[in-house]
Amino acid sequence: MSRSLFQHTYEDVISMENLLEAWQEFVKGKRSRDDVQAFERSLMENLFSLHTRLTDMTYRHAPYQAFIISDPKTRHIHKASVADRVLHRALYRRLYPFFDRTFIADSFSCRMGKGTHKALDRFNVFARKVSQNHRKTVWVLTCDIRKFFASIDQRVLLTMLDGYIADKRIVRLLETILQSFSSGIEGIGLPLGNLTSQMLANVYLNAFDQFVKHRLRVKLYIRYADDFVLFSEHREYLENILEEIDAFLFQRLRLSLHPRKIELRSIASGIDFLGWVHFPHYRVLRTSTKRKMLKNLKGSAKPETLASYLGLLRHGDTYELSQQILEGDRAL
């Protein structure tokens, strides 16, 4: 079966119309930031300058501003310049709709209409299906890819993109963006923080998704970013395909599973996935997530933060924790 190609031209991607629309999307909620205000003061001049550099192929990506966040894991974020982020948005506007059609239905990270809550709902659907409404034992293999963003092989990714994109000038532009980042090893890694990185990470792991669904023929599989789960009523089946999964990730994608985050358990013993521990008839918040939440709320929590956490808690069995948070808020 022939693969469909991305048919937009380079001129379409870098057009002033697309750059302007990308700016309008990018600037929402960011107008108070100093770098955004500085760019907006000479908006048309800055956009025309970007367009000219893209047209005559002299565009170079500016250095990143690096910083660290804890949420709760420590993450190294790399923030691009405003002009570069507008370009990332312009590329995303054209590329995302095409690539999203190539992804499997049960890939839930950084996709419109998907997200964490949809992935959790799907987990429940699969658990009920395999267990025949919790009448049979369900085995779940949970895995995590070790240092995923920092391990992506840019050459492998570019080969994938080249196979999809007809206008090779777009591929060369993506290569320029990829090569603007260094993880410390040449040609390895994507920067956390780029809009394009989120999309390209899904392109990269789509090869794995297709392998699991069509080569291994696993029907019940969910992936969210670098976390994934597989369901079966047979423990031995999941034990046997783990070696094939590990081999494919290393040989095809130069990735490896986190050895301490591979678990094969029954749902009755509790499955830790996306911040929740899942049991046959309910799910509870992961202990570390609960501790972080209570720590963040200690003292003076903003109303929007409180509302966000209470909204999160509605997706599990958390009545007592919700009451604890509400009582703490009323006591302030």
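Counting starts from 1 at the beginning of each chain's written sequence and moves along it residue by residue. Per-residue local features are limited, in this predicted model, to residues with pLDDT of at least 70; the limit for side-chain atom pairs, both in listing and counting, is 80 or more; totals at the level of whole chains, interfaces and linings are taken over all residues. Here the side-chain values reflect all heavy atoms present in the structure, with hydrogen atoms and water set aside.

Undergrad: Looking at this structure, I do not really get the pattern of salt bridges. What am I missing?
TA: Pairs can form between side chains of opposite charge whenever their charged atoms are close. Salt bridges are defined by distance alone: a side-chain nitrogen of Lys or Arg within 4 Å of a carboxyl oxygen of Asp or Glu. Overall, the coordinates contain 16 salt bridges when judged by the stated rule. In this structure, Asp35 engages Lys79 in a salt bridge whose closest nitrogen and oxygen atoms are separated by 3.5 Å. One end of the pair, Asp35, is in helix 3 (residues 34–41); the other, Lys79, is in strand 2 (residues 74–79), with 44 residues separating them in the sequence. Note that Arg169 is salt-bridged to Asp167, the shortest N-O span being 2.8 Å. Exposure categories follow from relative accessible area, calculated using a 1.4 Å probe and restricted to protein chains: below 20% of the type maximum is buried, above 50% is exposed, and the middle band is partly exposed. Of the residues examined, Asp167 reaches a relative accessible area of 12% and is grouped as buried. Look at the salt bridges and you will find they share partners, linking Glu21, Glu25, Arg89 and Arg93 into a network. The helix count covers DSSP runs of H or I at least four residues long, the strand count covers runs of E at least two residues long, and both are numbered beginning at the N terminus.

Undergrad: Looking at this structure, how should I read the sheet that holds strand 3 (residues 139–144)?
TA: Sheet strands pair by backbone hydrogen bonding; their relative direction is either parallel or antiparallel. The four strands lie next to each other as 4-5-3-6, forming an open sheet whose pairing is antiparallel. On the outer flanks of this sheet lie strand 4 (221–224) and strand 6 (263–266), each paired with one strand and no other. This sheet shows a mean twist of 20° between the axes of neighbouring strands, independent of strand direction. Bridging between strand 3 and strand 6 involves four bridges; their strand directions are antiparallel. In the sheet register, Leu141 faces strand 6, and the bridge partner there is Leu264. Any two residues having at least one pair of non-hydrogen atoms within 4.5 Å are treated as being in contact. Helix axes use the C-alpha atoms of the stretch in contact, all axes being lines fitted to C-alpha atoms, and the angles between their N-to-C directions lie in the range 0 to 180 degrees. Where helix 6 (residues 116–131) meets the sheet, its contacts fall on strand 4 and strand 5 (227–232), and the angle it forms with strand 4 comes to roughly 165°. Two strands make a pair as long as DSSP finds a minimum of two bridges between them.

Undergrad: Would you mind going over the sheet that holds strand 7 (residues 271–273) with me for this structure?
TA: Reading across from one edge, 7-8-9 is the order of the three strands in this open sheet, with antiparallel pairing throughout. Two strands close off the open sheet at either side, each with one partner strand: strand 7 and strand 9 (283–285). On average, adjacent strands in this sheet sit at an angle of 30° to one another, irrespective of strand direction. Taken together, the three bridges between strand 8 (residues 276–278) and strand 9 define a ladder with antiparallel strand orientation. If you follow His278 over to strand 9, its bridge partner there is Arg283. On top of the sheet, helix 6 reaches strand 7, strand 8 and strand 9; it is set at about 10° to strand 8, its chief contact.

Undergrad: I'm lost on unusual backbone geometry in this one. Help?
TA: What is expected of a backbone is that most residues other than glycine have negative phi and most peptide bonds are trans. Here the phi dihedral of Met57 falls at roughly 65°; this positive angle occurs in a residue that is not glycine. Mapped onto the elements, Met57 comes out in the loop between helix 4 (43–55) and strand 1 (65–70). Exposure remark for Met57: the relative accessible area of 40% places this residue in the partly exposed category.

Undergrad: So what exactly am I meant to see when it comes to a positive patch on the surface here?
TA: Like charges within 9 Å and nonpolar side chains (Val, Leu, Ile, Met, Phe, Trp, Tyr) within 5 Å are joined into patches, using only residues over 30% in relative accessible area that form no salt bridge. Methods summary: accessible areas were calculated by the Shrake-Rupley approach with a probe of 1.4 Å, and residue burial reflects only the protein chains presented. Only four residue types enter the charge count, namely Lys and Arg as positive and Asp and Glu as negative; His and the chain termini do not. Charged side chains are reduced to one point each, which is NZ for Lys, CZ for Arg, CG for Asp and CD for Glu. A cluster of like positive charges, contributed by Arg146, Lys147, Arg260 and Lys261, occupies part of the molecular surface. Tracing the backbone through its elements, the reader meets Lys261 in the loop between helix 11 (235–253) and strand 6.

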